[in-house]
Amino acid sequence: MASHLAYLVLGSNLGNRSKNLTNAKTEISSLSTTKILKESEIYKSPAYGPIEQPFFFNLALEVETRLSPLTLLEHLQKIEKKLKRKKDSHMKPRTIDIDIIFFDDEKIETPLLKVPHYDWQNRDFFINPLKEINCQAREFKNFSFD
C-alpha cells in the first residue's frame, strides 16, 4: 500500500479554539496508517465568506497517510463530528474545520472532495501556515506569493 503526502488546514472559531485544534490533531494522530510529519504555528485570521463571525485560529499539517483521499476525508469528517461540528456549519462559526488542501499532486473533482481545495490561493489562512511548513505540493510550490 503506497504512502501519500497530504496537507491539511485546521480551523476553529467557537469555544476554546486552541483546545479544539489540539483535540483535532490528537484525533488525526490516532488514525491508523496516518502520521503528522510537520505542524505550523497557530495563525489568527478573520472569517472567510459572507457571514460575520468570530475570528479563527488556523494551523497547517503535513501528514503521511496510506488512506485514499476519500477515505481520509471520511475520517476527517468523523473527527469533526466527534468534536461537535454542526452539520450545517459551512461558512458559519464552527468548533473545528479540517480541510484537505493538497493530496500528493493529485487533482480531484468529485461531489464530496475537490483537491486542490477550492480557492486555496486566495486564502491567507491556508497560504501562511502552508508556507511555514514548507508545503511541497507542486501547485503550491509554483504559486506566486507576490
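This text goes with the structure placed above it.
Everything numeric here is computed off the predicted structure, so don't read it as measured data.

Definitions and limits used
Residues numbered from 1 in each chain as written. Predicted model: local features only at pLDDT ≥ 70, side-chain atom pairs only at ≥ 80, totals over all residues. Heavy atoms only, no water. Helix = DSSP H or I, 4+ residues; strand = E, 2+ residues; numbered from the N terminus. Rg over C-alpha atoms; globule rule 2.2 N^0.38 Å. Expected span 1.5 Å × (residues − 1). Buried < 20%, exposed > 50% of the residue type's maximum accessible area, 1.4 Å probe, protein only. Arc of directions from axis to C-beta. Contact = heavy atoms within 4.5 Å. Core = buried A, V, L, I, M, F, W, Y, C linked by side-chain atoms within 4.5 Å. Axes fitted to C-alpha atoms, helices over the stretch in contact; angles between N-to-C directions. Parallel < 35°, antiparallel > 145°, perpendicular 65-115°, else oblique. Left-handed = near helix turned anticlockwise from the far one by under 90°. Salt bridge = Lys/Arg side-chain N within 4 Å of Asp/Glu carboxyl O.

Peer 1: Could you give an account of the overall build of the chain, naming the residues involved and the relevant values?
Peer 2: In terms of regular secondary structure, the chain is built from 4 helices and 7 strands. The N-to-C order of helical and strand elements in the chain reads β-α-β-β-β-α-β-β-β-α-α. For 146 residues, the compact-globule estimate of 2.2 N^0.38 gives 15 Å, and the chain sits close to it at 14 Å. Taking the principal axes of its C-alpha atoms as reference, the chain extends roughly 40 × 40 × 30 Å.

Peer 1: Kindly report on helix α1 (residues 17-29), identifying the contributing residues and their values.
Peer 2: Its 13 residues give α1 an end-to-end C-alpha distance of 18 Å, which sits within 8% of 18 Å, the value for a rise of 1.5 Å per residue. Every buried residue belonging to α1 is among R17, N20, L21, A24, K25, E27 and I28, and all of these are buried. One side of α1 holds all its buried residues, which, seen down the axis, span an arc of 160°. Along its buried surface, α1 packs onto β1 (4-12), β2 (34-39), β4 (56-65), α2 (69-82) and β5 (97-103).

Peer 1: Help me get a handle on helix α3 (residues 124-132), residues and values and all.
Peer 2: Residues of α3 that are buried: F125, F126, I127, P129 and L130. The inward-facing, buried residues of α3 abut β1, β3 (43-45), β4, β5 and α4 (138-141). Just past α3, the residue N134 takes up positive phi, approximately 55°.

Peer 1: Describe the nonpolar core, and please don't skip the residues or the numbers.
Peer 2: Counting 24 residues, the largest nonpolar core has L8, L10, I28, L72, L76, I98 and I100 as the members making the most contacts within it. Breaking this core down by element, the ones donating at least two residues are β1, α1, β4, α2 and β5. Once residues within four sequence positions are removed from consideration, I100 is found in contact with Y7, L8, P69, L72, L73, L76, L113, K114, V115 and H117.

Peer 1: So what about the packing of α1 against α2? Which residues, and what values?
Peer 2: Here α1 crosses α2 at 140°, and the two axes come no closer than 10 Å. Considered as vectors, α1 and α2 are oriented oblique to each other. You can see that α1 and α2 cross each other, and the crossing is right-handed. Only L76, I79 and K82 of α2 make contact with α1, whose side of the interface consists of A24, E27 and I28.

Peer 1: Run through the pattern of salt bridges, naming residues and quoting values.
Peer 2: As enumerated under the stated definition, the model contains 7 salt bridges in all. A salt bridge links E39 to K25; its shortest N-O distance comes to 2.5 Å. Note that E39 is positioned in strand β2 and K25 in helix α1, a separation of 14 residues in sequence. For E109, the salt bridge goes to K114, with nearest N and O atoms at 3.4 Å.

Peer 1: Lay out the side chain of E80 with the relevant residues and their values.
Peer 2: The residue E80 is located in helix α2 in this model. Residue E80 is classed as buried on the basis of its relative accessible area of 9%. Residues contacting E80, with those up to four places away along its chain left out, are R85, I96, D97 and I98.

Peer 1: Which residues make up unusual backbone geometry, and what values do they have?
Peer 2: That bond from V115 to P116 is cis: its omega, -5°, falls within 30 degrees of zero. With respect to the element layout, P116 can be found in the loop between β7 (114-115) and α3. Of note, T33 is a non-glycine position whose phi angle comes to about 60°, a positive value. The topology assignment puts T33 in the loop between α1 and β2. One non-glycine residue with positive phi stands out, namely D104, at about 50°.

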